2 protein chains.
Amino acid sequence: MSPTHKPNYFVDKGILKVPFNPVDDVFNSGNMTLCGNGYLGYRGTHPDWRKEQYMACTVTNTFDNADGKWKELCTVPNALYAKFQIEDEVLSAFSNKCNFYDHFLDSNYGITSGKGHWLSDKHGDVQMNWQRFASYKDLHLVVQHLKITSERGGLLQLTTGIDTEVWSLNGNHFNTASVGRSRDYFQCNIRTTEKSMPIYVMQGASGLVTNGKDVANEGGIFSEHEIHLKPGQPLCFTLYMTVYSQNDTAEPEEASKKSLLTAMNKGFDQLLAEHREEWDQKWSAAEIGIGGDDLANNLLRYNMYHNFIATPAHTDTQPIGARGLSCQAYQGAAFWDQEIYNLPMFLYTQPHVAKNLLTYRHKVINGAKAKAKALGYKGAYYPWISGDTGEELCPDHFFIDVISKRRIRNHFNDWQIHISPDISYTVMRYYQVTGDFDFLVERGAEILLEVAHFLHSRVHYNVYKDRYEILRVLGPDEYHENADNNTFTNVQAKYALEKALEVTNMLKEKQKGALKALLKKTEVTEDMLGQWHTIAHKMYIPQPDPKTHLIPQFDGYFELEDIRPMQLAERLLDESEYWGWPNGIAFETQVIKQADIVQLFVLHEYDKEVMKANYNYYEQRTHHRSSLSPGVHAIIAAQIGNLDQAYRYFLKSSLVDIANSHPPSSGGTFIGGVHTAACGIAWQIIVLGFAGFKQKGKLLQFQPSLPGHWTHVHFRLMIHGKSLMVFADSQSLTIESMEEDADFKIVCFDTEKKLKGKGKLVINRSSLSK
Amino acid sequence: MSPTHKPNYFVDKGILKVPFNPVDDVFNSGNMTLCGNGYLGYRGTHPDWRKEQYMACTVTNTFDNADGKWKELCTVPNALYAKFQIEDEVLSAFSNKCNFYDHFLDSNYGITSGKGHWLSDKHGDVQMNWQRFASYKDLHLVVQHLKITSERGGLLQLTTGIDTEVWSLNGNHFNTASVGRSRDYFQCNIRTTEKSMPIYVMQGASGLVTNGKDVANEGGIFSEHEIHLKPGQPLCFTLYMTVYSQNDTAEPEEASKKSLLTAMNKGFDQLLAEHREEWDQKWSAAEIGIGGDDLANNLLRYNMYHNFIATPAHTDTQPIGARGLSCQAYQGAAFWDQEIYNLPMFLYTQPHVAKNLLTYRHKVINGAKAKAKALGYKGAYYPWISGDTGEELCPDHFFIDVISKRRIRNHFNDWQIHISPDISYTVMRYYQVTGDFDFLVERGAEILLEVAHFLHSRVHYNVYKDRYEILRVLGPDEYHENADNNTFTNVQAKYALEKALEVTNMLKEKQKGALKALLKKTEVTEDMLGQWHTIAHKMYIPQPDPKTHLIPQFDGYFELEDIRPMQLAERLLDESEYWGWPNGIAFETQVIKQADIVQLFVLHEYDKEVMKANYNYYEQRTHHRSSLSPGVHAIIAAQIGNLDQAYRYFLKSSLVDIANSHPPSSGGTFIGGVHTAACGIAWQIIVLGFAGFKQKGKLLQFQPSLPGHWTHVHFRLMIHGKSLMVFADSQSLTIESMEEDADFKIVCFDTEKKLKGKGKLVINRSSLSK
C-alpha cells in the first residue's frame, strides 16, 4: 500500500463512513462502527437489525458459561430496537427500494449513525437518519435518536421495543427473560444461565406521540405505533436504553430505572453534550497528532478510539477483552494483549487507567494461583484467557482440525507461560513511569513475588550445562508449541525474577513490616529469594550469533525448514486450518505467526545491529496472522530507520479492522470482532516507534525518525505525575513542561539537556548528530 | 480364544501347514513359511513367484538407501526361480486347474516345502513337490529340490534361472544387475545403489538332463528346457543358490562360486543332513518342552525357530531386525526389541550369541555417539532403528496422517530415549548371568559409561522439588509422546547410572589401567561420576499409590480420559490411522499401545500387590497394537497367578504371525513381516513366566505356576557357564547339574537348597508353601 493510498471508508476528521454492502458487510460494519464506553459495547447495527445481522450489546462483568465450554460475556437484549414500514414497504437496508444505507462512526465522540434513503413509487423519497452513542457520562446508558421523512407522507408503521433475539456466540446466556411495561418504559429482566445473575435492561422513548400498542412475545416486548407522516415533515424521536446487572450494584433494577428516567428527563441534546465533554477530556489527556498526513491522523484516532471504548477504565475489577466489547469472541476476556498492547497508551497519558488494569490483575491473583496449583506449580500462573475471576478460561480444545473435524489439544492454556512475567514487567513499567511506590507495596509486589514463585517452580536446571532452562513453552509466536528456551520467555522470566528481588530489597529498606507480611502471605522464604537470585543469574538467554547477530527464537529454530509464508500457504488443504500445533503447515518450518524476537526489542534495549539483523530475518518469515504483529514491526522498523516498512506496517496494523484483513475464524473457532490490541498499539507506533521515546526514571530519550511526508508529530506524556507536551520533527525536539516541580533529563540527537520547572526546552539536530 | 482351540495351520511335531488361499495369503504365507539362517531369509514363496507375490531373499549387512529416505537391507535376485508349463498349461498356484497348493514349514529344521496338485483334461493329475532350506552349515547357501510328476506325461516347458525382479519395499537397490553364464552355473552381479557395494548371486542346478537354452534379459537370466515327461515318472532336480557380498569377504565372487560348486558336489541329501545336524545342536542347547499341550509346544517351537533364523548369530557386527530377515519392514534393523525380546533366550541358553549381539552394540557405539551429538547431548544415545553403523535410521517422518495425507513428525528418533539404558541393563544382565567380566572390561563398561554420560546430559534438575526428572520422552507405549517422567524410562535410567558407577568401582579395584584408559576415551571425569551418583540418588521415580498401588505411566497419566480400546476404536475415521502423536485418537486418553509399566515388572522386582494392581489396571487399557505387548502380559499374568490370562496372552503372542493378527501397515508405512520380538518372548513366557525363573548371581529362584492342563515344563539353562536342566510341575522342581563345579542356591516353594557339583536336586511343594 502506498503512503498516498486512502481507504474509501474515511471521509474526514475522525469520521468513518461505511458504505453498506449487504452481502459482505453485515458482520464487519457492526464492528467498525461500534460505540461503547468500557462498560458496554453496542455494535454498529441499524435499528431494525436482529441476531441474524449480529446485533449485540456486550456488557462487562457478565461472564457466563452457557454451553459448558466457553465462558464469555453476555450480550443483552436490545432496547433500542426500531422497525419502520410505510404501508407495505419495509424501510430496511435489505429492501430493493433502498438506494443507500450508510454507516458512520464519529471516532472523536463515539457516535454511530446511519443514513438511509429509499425510493418509493408511492411515497417518493424516504429518508431516515439515526444517531447513537454509549454515554461516557452514564456508562449504563445508550441513547439513539431517529428521524424519518417521507417526501409524500404516508402511514408509518413503527415498532419499537426490547428485542431479546440478539446474537450470542456460544449458547443462550439467559434462558429466562421476562418482559413488561412500567408506566413510561419497557423492562426486560434476565438471569444468566450459569449463576442466575440478574440483569435489567430498560427502554424509554421520547418524542413519540403515542405509546403504541404493546405486544409481548418470546422475542421481546414491543410497541406498535401507527403514525401519519406528513409530506416532507420529519418524525423525530429518541430511544433510551439502560443496563445494570447485579454485579454492578446491589439494586440493579432501581439503578437501571433511575438511570433511564434521568436520561429521559435530560433528553438527547443534553445527554450528547455531557457525553462529548467526557470525550474532550480523554482526547486532551491523550493529545497526539501527526503533521502532514490526514490518513495517518484519522487511523491513529480511530484506533485510539477503539482502545478507549474497549477499556473498562471505570473499574479495577474487569479486563480488556481481546475483541473489546465488540462481540463475545475470545470470551470478552484479557490476554497478554492487555498489558503489552492496550495498557501503554494509558500508562503514559492516563496512568490511573493503567493502575486499574494492574489492580484487576492483582484482584484476580487467586485465579492465577489456582491455575498454577492445578498444573503442579507454585505461585501465580496467569491465564491465557482471563475473565472476572482470573481463572483460566481457555478450554483444552480451542481449535479443531478442520480437515479431520477432530478437536485439537491446543496448549495455550498450559504452555504459554510468558503472560506471567509480562504482567510483572508491566507492573515494573507502571512503577518506573509513575513512581507510584504505594501501588508496589499494596499490590505490585505481591504480583511480582507470586510470579517469581511460579517461575521458580517452572524452570529446570540443566546440570550438564550449568544453566537454568524453561522447557516446553509456547512463545508469542503461536505456531511453535512445545519449544524449549523461547528467548522471549526466558528474557521476560529472568527480568521478572530480578525485579521481584529488586522490589523485595526496596521493601526491605522502606517497608519492613509490609515485606514480612507479604513473604508470609506468599509463602516465600529467604532461602527461596537466594535461589531466585541464582536462577536469574544462570537463566539461559540465547545470545546473538557473533557474526550474523541472529538470535534463535527457541532451541533449534534455525534448523527448521526455511520457507516463506506465501510459499507455505500453497500447502494448505483448507484455508481456515490452523497453521500451528499439532500438525499445521507451519509447525515444522521457520514461518512464525507473529513477532516474537522482534517483540522483545519493544520491551528491552538491544544493539541496533542486533535489532536490524533480526528484524530483517524474522520479518520475511512472519505470517502476521495475529493482528498483534504488524504494529510491533512498525515500531521496530521505525527504530532501526526502515521508514518505508515502518509506515507500511503502521497502515497494516491500523487498518486491520477497517480493511477487514483478518479472517473471522481459525481452526473452526470464531475470532472476529474489533482487534483491540492492534488499536492499542497505534499510539505506541507513533510515540515509541517514530518519535523513538524511551523512559528510564527521570531520563527521557527521543530519537525522532519520521516518514518523509510527515512534518512533525506531537503528543502529551504524563511521567512521574508531570504533564509534558512533546513536539518533534526530524530536525528538532521541543518539550514543554506544565509543572513547576518538573525535573527531567532529556536526551535527543546525541544531546542531553535538563528540563526543570515549567517551560519549553528545544534540542536541535546538530550536523554531527546521527 | 479357548485353551483348546487349535489353529488349522498346525499339523504335528513342529510342522506348519499353510493351505494356500491366493486371495488373502500371498503376502502372509511367505512370512509364515520363511526359511533362513541369520545370514539371509528366503520368503516362503513358490518357485515361480516373483515380486508381485512378494518374493524376496533378504540378506544381512547390505544396508542401502535407494529412495533417499529409508535405509534398508537389500533383497537379492532370486536364484531359485523355476516355472513349469506342460504344453499350454501353466502349473501355478493361481491356475484354475490348481486343485491345491499348500505350503509347509518344518520348524524343527527350517525346511519350507510346497505340494501342488493340478487336474488337467489332457495330462491327468500333475503333482509338484518342492523343498527348500537355507543352510546352517553354509550360511550363504539356499537349496531347493523339486519333483514333478504327470499322470499321463507330456512336454514340460521348464524355466529355471536367476530372477532379478524381486520385491523391494523402498526403491530399487541395484540399478545395475549384470547376468551371465559360467560353464556350470548362472551368475548375477549387482551393486547397491548408495555405496555401489558388489553382491554376487549364483545359481547351479543338478538333476536336469539339459542345460536348456539360455535367455538373458532385463528380468534376469534363465534357462529354457523342454523335457518329455514320461507318464507317472517323476522329474527330480535341485537348484542351488549362493550369495556373497563384499561386506562378507574381500573376494565375494570367488567365495560365492566356491560355495556353489561345493554344494553342487555334495547334492541335496548330504547338504540337508549337514543342515539338520546344526539344528539338532541348537535345539539341544535350547531344549525346552511343555507336557500335555501339543499346541503350546508347537507354538513355542515355531516362535523359537523364527527367533533363531532372525538372529545373525554368526557375527558380532549385525543386528536382529524387528521383522528379522522376513522382509525389509523396519529396515532390517534393530530396535530395543533385540535386547529385551530376542536376546534373553540366547542369554540363558547360548550366551555366546547374546555376547555377539551386545558386541554389535559396542562396535556401533560411534553411531550412537553421533546421534547424541547431533541432538545436543553427550555420550551414546542409541538409535530407535539401528543398522550396520548404529546411526539413527529412523526418518523424522515415519508415518503419515492418513486423513490429510500429510506426513507426521514422529518422535521415535529423538524422544524415545529408553533404548540406551535398556542396552546398559542388558549388558549388566549378560554379566550377571555369565559372569563374563572380560566382556565388561573390553566392551560393556564403555557402553555403560557412554550411556550414563548421555543420561547425565539429558536429565533436568527440578530445583523446586529437589529431584532429577526426564522430560519429553516417549516410553515403550508409543501412543503418548512428549511425556514427562515416564516411569519405565526413569527406572531404567537410574539403574543404568547406578550400574555405570558399580562397574566403574569394579574396574577401580581390578583393572585400574583399563579404567583410566576408558575414562579418558569416554571423556568422563571423576567429578562427573560424583554427579551421576547424585542424579541416580535423586532421580524421580513415581511411586505406587499407597492405597491403590497404582503407578502412573508418566506425569498426569491418570488425568487423561479413561476409555477402553474397543470403545476408542469407534472414533477412527480410517482404520489404518496411527493412534498416537500428534492427534491420534489415543493421545489424549489412557489407552496405551503396549505394555509400559507392566513391562517394567519383567525387568525389575516389584511387590506382588503392586504387580497385580497395575497389571489389572493397565491390561484393560492396553491396545496391544504392538506385537511386543501380549508376551509381556503373559509373563506377568503367570507371575501373579492369573493363569487363564497368562495362557491366553501366551497364545495371542505366539500366534501373531500365524493368525496374521497385526495389520501390515500403520499410518501409511509398511510394517508387515515376521514379528520377531513376539517370537523371541515365547521362551521367556515359559521360563520367566510359568516357571517363574529369576536369577541373581548364583541364586536361582523358581515359582512354577502352570496352566491346569500342563503336566510340566522342562528347559535347559546355562548360568555362569554351567549347564542345568530344569523340570518343573506344580508340586515339585527338579534341577539337574551337568557339571562337577556347579555351585548354586536354588529357591523354590519357599525352600532354599544348595546345588553343588553334578547331579539332581528335587524341591517339593510342602503343604505350607504358597
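What you are looking at is a predicted structure, and each value in this text was computed from that prediction instead of being measured. (Residues numbered from 1 in each chain as written. Chains lettered and ligands numbered in written order. Predicted model: local features only at pLDDT ≥ 70, side-chain atom pairs only at ≥ 80, totals over all residues. Heavy atoms only, no water.)

K.L.:
Quick one: what's the story with the nonpolar core, residue by residue and with numbers?
P.N.:
Within the largest apolar cluster, 497 residues are counted, with the highest numbers of intra-cluster contacts made by Phe702 and Leu717 of chain A together with Phe702 of chain B. For Phe702 of chain B, the contacting residues outside a window of four places in its chain are Ala691, Gly692, Phe693, Phe715, Leu717, Val726, Leu733, Ile735, Ile746, Val747, Cys748 and Phe749 of chain B. (Core = buried A, V, L, I, M, F, W, Y, C linked by side-chain atoms within 4.5 Å. Buried < 20%, exposed > 50% of the residue type's maximum accessible area, 1.4 Å probe, protein only. Contact = heavy atoms within 4.5 Å.)

K.L.:
If you had to explain the packing of aromatic side chains to someone new, which residues and values would you point to?
P.N.:
One pass over the full model with this rule turns up 109 aromatic pairs over all chains. For the pair Phe554 of chain A and Tyr557 of chain A, a centre-to-centre distance of 5.6 Å together with 85 degrees between the ring planes defines the contact as edge-to-face. You can call Phe554 of chain A buried: its relative accessible area is 7%. Residue class for Tyr557 of chain A comes out buried when judged on its relative accessible area of 0%. A ring pair is formed by Phe412 of chain B and Tyr578 of chain B, whose centres lie 6.4 Å apart and whose planes are at 80 degrees; its orientation type is edge-to-face. (Phe/Tyr/Trp six-rings, centres within 6.5 Å; stacked < 30°, edge-to-face > 60°.)

K.L.:
Tell me what's going on with the interface of chain B and chain A, and back it up with residues and numbers.
P.N.:
Residue-level contacts link 41 residues of chain B with 41 residues of chain A. Counting the surface lost from both chain B and chain A, the interface buries some 3,200 Å², and carbon and sulfur atoms represent 48% of this. It is Arg406, Tyr464 and Asn583 of chain B that lose the most area in chain B upon contact with chain A, and together they represent 24% of the buried surface on that side. Joining chain B to chain A, the criterion identifies six salt bridges. (Buried area = accessible area lost by both parts, 1.4 Å probe. Salt bridge = Lys/Arg side-chain N within 4 Å of Asp/Glu carboxyl O.)

K.L.:
I'd like a rundown of the pairing of strand 13 (residues 124–134) of chain A, residues and numbers included.
P.N.:
All names here are of chain A. Where strand 12 (residues 111–120) meets strand 13, 10 bridges bridge the pair, whose relative direction is antiparallel. Among the inter-strand pairings, Ser113 is bridged to a residue of strand 13, identified as Gln131. Counting the residues in the hairpin turn of strand 12 and strand 13 gives three residues. With nine bridges connecting them, strand 13 and strand 14 (residues 141–150) associate as antiparallel partners. Note that in strand 14 the partner of Gln131 across the bridge is His145. Here strand 13 folds back onto strand 14, and the loop between the two strands holds six residues. (Pairing = 2+ DSSP bridges. Helix = DSSP H or I, 4+ residues; strand = E, 2+ residues; numbered from the N terminus.)

K.L.:
Summarise helix 9 (residues 419–434) of chain B; cite the residues concerned and give the values.
P.N.:
Taking 1.5 Å of rise per residue, 16 residues should cover 22 Å, and helix 9 of chain B covers 22 Å from first to last C-alpha, within 8% of that figure. Where burial is concerned, most of helix 9 of chain B is hidden: 16 out of the 16 residues are buried. (Expected span 1.5 Å × (residues − 1).)

K.L.:
Before we move on, can you summarise the relation of the copies chain B and chain A with the specific residues and values?
P.N.:
Of the transformation placing chain B onto chain A, the axial shift is 0.0 Å and the rotation is 180 degrees, giving an RMSD of 0.0 Å. Between the two chains, the operation in question is that of a two-fold axis. If distances are taken from each C-alpha of chain B to the rotation axis, the shortest is found for Tyr461 of chain B, at 2.4 Å. With an isologous cut-off of 70% or more, the 100% of interface residues of chain B that recur at the interface of chain A puts this contact in the isologous class. (Least-squares fit on C-alpha atoms with pLDDT ≥ 70 in both.)

K.L.:
Could you give an account of the sheet that holds strand 19 (residues 213–217) of chain A, with specific residues and numbers?
P.N.:
All names here are of chain A. Reading across from one edge, 10-9-15-20-19 is the order of the five strands in this open sheet, with antiparallel pairing throughout. Each edge of the open sheet is held by one strand with a lone partner, namely strand 10 (89–90) and strand 19. Both strand 19 and strand 20 (residues 220–229) contribute to a ladder of five bridges, which runs antiparallel. Residue pairing for strand 20: Asp214 is matched across the bridge by Ser223.

K.L.:
Just give me the short version of the environment of Glu523 of chain B, but keep the residues and values in it.
P.N.:
All names here are of chain B. Its location among the elements puts Glu523 in the loop between helix 12 (512–522) and helix 13 (526–537). A relative accessible area of 61% means that Glu523 is categorised as exposed. It is 9.7 Å that separates the C-alpha atoms of Glu523 and Lys378, two residues lying 145 residues apart in sequence.

K.L.:
Which residues make up the pairing of strand 22 (residues 288–291) of chain B, and what values go with them?
P.N.:
All names here are of chain B. Both faces of strand 22 are covered, namely the face carrying Ile288 and Ile290 and the face carrying Gly289 and Gly291. Here strand 22 pairs with strand 29 (residues 712–719) via four bridges, running antiparallel. Looking at strand 29, one finds that Ile290 is bridged to Val713.

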